[in-house]
Every structure is written in C-alpha cells, then in structure tokens.
Amino acid sequence: VRACLLNFLSGLSVCLGGITVLAGNPTDEAIGILLAMAGGVYVNIAASETIPRLESFVKDRGDRVLTLVSFIVGTVPIGLVLLNHKHCG
C-alpha cells in the first residue's frame, strides 16, 4: 500500500511540472530542452534497471552483441521519428 501511495505522489509531481511548464508559456527551444532532459532521465532509469539483469544472462560475446543490436534496433526508430519533430528542429 505504501509503494502505491508513493507512486501516486510521484505521479502528481509530473502533473505539477506539466502545469508549471504550460503556465510559463515556454518557447519551442525550451520545450525541446525539457523533453531531451526528460528522455535522458528515462533512458538512465531503463539502463540502470535492465543492464544488471541482462548481465546475469549474458554468457558469451554473441549474447553481448545481440543485446547491443537489440538496443540499437529499439532506439533507431525513436530517433528517426524525432528528425522532423516540431520541438527538435
């Protein structure tokens, strides 16, 4: 129950941040910077949670290469979408 409450409170902080940004009327450049920083936080969390788990399954160099290729296959489409994105250009 405590974990659910703390998760809910952290979710409220996202709403508060969104309201703050929208009330401030930021430029497209500022929004792009904020989105890049938020994306970096998500990548950091994902990497710090998944890499230790993957390390326990990696047995040889082939597994390590497969892991790297899988990561690249997952990130390249996201990068391609952002090439013509309004906030990133």
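Figured I'd write up the structure that's included with this text. Quick caveat, the model's predicted, so the values are computed rather than measured.

### With respect to unusual backbone geometry
No. 1: Phi at Asn25 is positive, roughly 50°, even though this residue is not glycine.
No. 2: With respect to the helices and strands, the residue Asn25 is situated in the loop between helix H1 (2–24) and helix H2 (28–57).

### Quick notes on the pattern of salt bridges
Note that side chains of opposite charge can pair when their charged atoms are close.
No. 1: Considering all chains together, one arrives at one salt bridge under this definition.
No. 2: Its salt-bridge partner being Glu49, residue Arg53 comes within 3.7 Å of it at the nearest N-O pair. Highlighted residues: Arg53 and Glu49, both in helix H2, separated by four residues, approximately one helical turn.

### With respect to the layout of surface pockets
No. 1: Roughly 580 Å³ of volume is contained in the largest pocket.
No. 2: Taken together, 23 residues form the lining of the largest pocket, with Val43, Ala46, Ala47, Phe71 and Thr75 sitting closest to its centre.
No. 3: Where the lining of the largest pocket is concerned, the elements lending two or more residues are H2 and helix H3 (61–82).
No. 4: In terms of residues, the lining of the largest pocket owes the most to one element, H2, which gives 11 residues.

The rules behind the values
Residues numbered from 1 in each chain as written. Predicted model: local features only at pLDDT ≥ 70, side-chain atom pairs only at ≥ 80, totals over all residues. Heavy atoms only, no water. Helix = DSSP H or I, 4+ residues; strand = E, 2+ residues; numbered from the N terminus. Salt bridge = Lys/Arg side-chain N within 4 Å of Asp/Glu carboxyl O. 1 Å grid on protein atoms, 1.4 Å probe; cavity = no way out; pocket = protein on both sides within 12 Å on 5 of 7 lines; lining within 4 Å. Points joined across faces, edges and corners; volume = space filled by probe spheres on them.

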